[in-house]
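Architecture and fold: a report
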Amino acid sequence: MKLQRKNRARALTLGALALSGALALTACGSDETGDTTGGGNEASASAADVECGKGGQLLASGSSAQKNAMDVWIKNYRAACPDTQINYKPDGSGAGVTAFLQGQTAFAGSDSALKPEEIEQSAEVCKDSQAIDLPMVGGPIAIGYNVPGVDKLNLDAATLADIFNDKITTWDDEAIKKLNPDAELPDTKIQAFHRSDESGTTDNFTKYLKAAAPKSWPYEPGKAWEAKGGQSAQGSSGVAQQVKQTAGAISYFELSYATDGIKTVDLDTGAGTPVEATVDNASKAISEAKVVGQGKDLALELAYDTKAEGAYPITLVTYEIACEKGNKAETLDATKSFLGYIAGEDGQELLKDGGYAPLPTEIAEKVRTTIADLG
C-alpha cells in the first residue's frame with residue numbers, strides 16, 4: 001500500500017476511554033442505534049504515529065463490546081487523517097456480520113469468529129477469496145449485579161447457569177449462601193437480564209456456561225439467547241443500565257460498561273480463590289488461547305473452563321472481519337490504514353484502562369502482518 005502522508009496524531013488519554021464507557025451507560029442504549037464519527041469532548045494527549053491512507057469513507061458495524069474502544073480509536077485516527085471519514089455502528093455482532101456479508105460495509109466487528117458457512121458465503125463479497133477473522137480487542141465479560149447491602153458476591157458456573165435458566169429465583173437461595181457464607185443475602189427476587197439482540201457477548205457467555213457447567217446449562221452456545229425466563233434489553237449498554245436501576249438485577253456485559261457503581265461478581269473457578277473480573281485476570285485466560293483459523297484466518301479458541309490461578313474465564317475477543325483479498329478498491333487503502341493503526345502499539349496501548357485487554361504480543365504481530373497483506 002502506498003501511504004499518502006504521515007501525520008502526528010494525539011493518543012487520547014486512557015481516562016477518555018473510561019469516560020466513553022460512562023457516557024454509553026448514560027445514553028441508555030444509544031450505542032446500539034447511533035453512528036460513531038469520531039466526535040466528542042477534547043482530551044489531552046501524547047504523540048503517536050498514524051500512517052494515513054488515501055482517504056475516503058469507511059462504513060463498518062457490529063460488536064457493541066468494542067464500541068468504547070472504537071470511539072477513542074476513531075477520534076484519534078481522525079485527528080491525524082481528516083480526509084478519512086469513519087462511521088462505525090455498534091448494532092451487535094450478528095447485525096454486523098450480516099451487513100458485511102451483504103457487501104454493505106468495509107469491515108465488521110464481531111465477538112465471535114465467523115462460522116464455516118459464513119466464510120463460504122463471504123466469497124460472494126470477497127471476489128476470488130474469503131473473509132478472515134482479525135483479533136483486535138480482548139477483555140472480560142463482567143457479571144454485574146444490584147443487590148442492596150451486598151458489596152461482594154462470589155458465584156460459580158453452575159449457580160450462574162441456574163440463575164440465568166430461572167432455576168434459582170431469589171438472592172437468599174441456598175446455593176448462593178453456600179458460596180457467600182459471610183454475606184447477608186436478602187430474599188429479593190432475582191431479575192436476570194440477557195441481550196435481546198444477537199450478540200457475540202451472549203455467544204461467549206453461553207460458551208463459558210456450557211464449558212464450565214455442562215450439566216446445568218442444557219443449551220447450545222450461540223449469539224441468540226436460548227434459555228427460558230428472564231428479561232431482555234438491547235445491547236451491552238441496555239443490560240448494564242437495567243442492572244444499575246433495578247434492585248435484584250444481574251446481567252453480563254463487557255467490563256467497560258461496569259461503571260457508575262455497578263458491582264461485579266467474583267468467579268469461583270475451582271482455583272484457590274475466586275477470581276475478580278479485571279483486565280489482567282482476563283489477559284491470563286486469553287494468553288491460553290490457540291489460533292484455530294485456517295490460512296490467514298486468525299480465529300482463536302478460548303479457555304472458558306480454565307482453573308488457573310488468577311485467570312478470569314468469561315472473556316471475549318472481538319474480531320474485525322475483512323476480506324483477505326477482493327476488498328473494494330475504493331475502501332481498501334483506508335481499511336488497511338485504520339486497521340493497521342488499531343492493531344499497532346499505539347492503538348493497543350489505549351485499551352487497558354478502559355476495561356479492555358490488549359492482544360498478546362505474538363497474536364498482535366500476526367494480525368499486523370495479515371492486515372498489511374490485505375488486497
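Heads up: these notes are all about the structure in this document. (Residues numbered from 1 in each chain as written. Predicted model: local features only at pLDDT ≥ 70, side-chain atom pairs only at ≥ 80, totals over all residues. Heavy atoms only, no water.)

Description of the overall build of the protein
Broken down by element type, the protein carries twelve helices and 15 strands. For the protein, the share of sequence-separated contacts (at least 6 apart) that also reach a separation of at least 24 residues comes to 78%. On the protein, roughly 14800 Å² of surface is accessible, and the fraction owed to carbon and sulfur atoms is 46%. (Helix = DSSP H or I, 4+ residues; strand = E, 2+ residues; numbered from the N terminus. Contact = heavy atoms within 4.5 Å. Areas by Shrake-Rupley, 256 points an atom, 1.4 Å probe, with all protein chains shown as cover.)

Comments concerning helix α12 (residues 361-372)
Under the 1.5 Å per step criterion, the end-to-end length of α12 is 17 Å for twelve residues, consistent within 8% with the ideal 16 Å. Within the span of α12, buried status applies to Ile 363, Ala 364, Val 367, Thr 370 and Ile 371. Buried positions in α12, seen along its axis, are confined to an arc of 125 degrees and lie on one side of it. With respect to the buried face of α12, the exposed residues turned more than 90 degrees away are Thr 361 and Glu 362. If you follow the buried residues of α12, they end up packed against β6 (131-146), β14 (300-301) and α10 (329-343). (Expected span 1.5 Å × (residues − 1). Buried < 20%, exposed > 50% of the residue type's maximum accessible area, 1.4 Å probe, protein only. Arc of directions from axis to C-beta.)

What about the side chain of Thr 318?
Structurally, the position occupied by Thr 318 is in strand β15 (residues 315-323). Among the polar contacts made by the side chain of Thr 318, one reaches the side chain of Asp 111 at a distance of 2.5 Å. (Polar contact = N/O pair within 3.5 Å; in protein donor to acceptor, adjacent residues only side chain to side chain.)

Quick word on the packing of α10 against α12
Direction vectors running N to C along α10 and α12 enclose 170 degrees, while the axes themselves pass 9 Å from each other. One finds that α10 runs roughly antiparallel with respect to α12. The segment α10 lies against α12, with Lys 336, Leu 339, Gly 340 and Ala 343 engaging Val 367, Arg 368, Ile 371 and Ala 372. (Axes fitted to C-alpha atoms, helices over the stretch in contact; angles between N-to-C directions. Parallel < 35°, antiparallel > 145°, perpendicular 65-115°, else oblique.)

Some thoughts on the pattern of salt bridges
Under the criterion given, the structure shown has eleven salt bridges. Measuring nitrogen to oxygen at the nearest pair gives 2.6 Å for the salt bridge that ties Lys 152 to Asp 266. Of this pair, Lys 152 sits in the loop between β6 and β7 (154-156) while Asp 266 sits in strand β12 (residues 266-268), placing them 114 residues apart in sequence. The class of Asp 266 is buried, set by a relative accessible area of 9%. The closest approach of N and O atoms between Glu 220 and Lys 210, which form a salt bridge, is 3.9 Å. Of the two residues, Glu 220 sits in the loop between α7 (200-212) and β9 (231-233) while Lys 210 sits in helix α7, which places them ten residues apart along the sequence. Classification of Glu 220 as exposed rests on a relative accessible area of 56%. (Salt bridge = Lys/Arg side-chain N within 4 Å of Asp/Glu carboxyl O.)

Considerations on the state of the cysteines
Should the sulfur atoms of two cysteines be covalently bonded, the bond is a disulfide. Under the counting rule described, the total for this entry stands at two disulfides. What pairs with Cys 52 in a disulfide is Cys 81, and their sulfur atoms sit 1.9 Å apart. Residues Cys 52 and Cys 81 are joined by a disulfide whose S-S torsion is about -80 degrees; by sign, that bridge is left-handed. In this pair, Cys 52 sits in strand β2 (residues 45-52) while Cys 81 sits in the loop between α2 (67-80) and β4 (84-89), placing the two residues 29 residues apart along the sequence. (Disulfide = S-S within 2.5 Å.)

Such coordinate-based values are descriptive only and should not be taken to indicate function.
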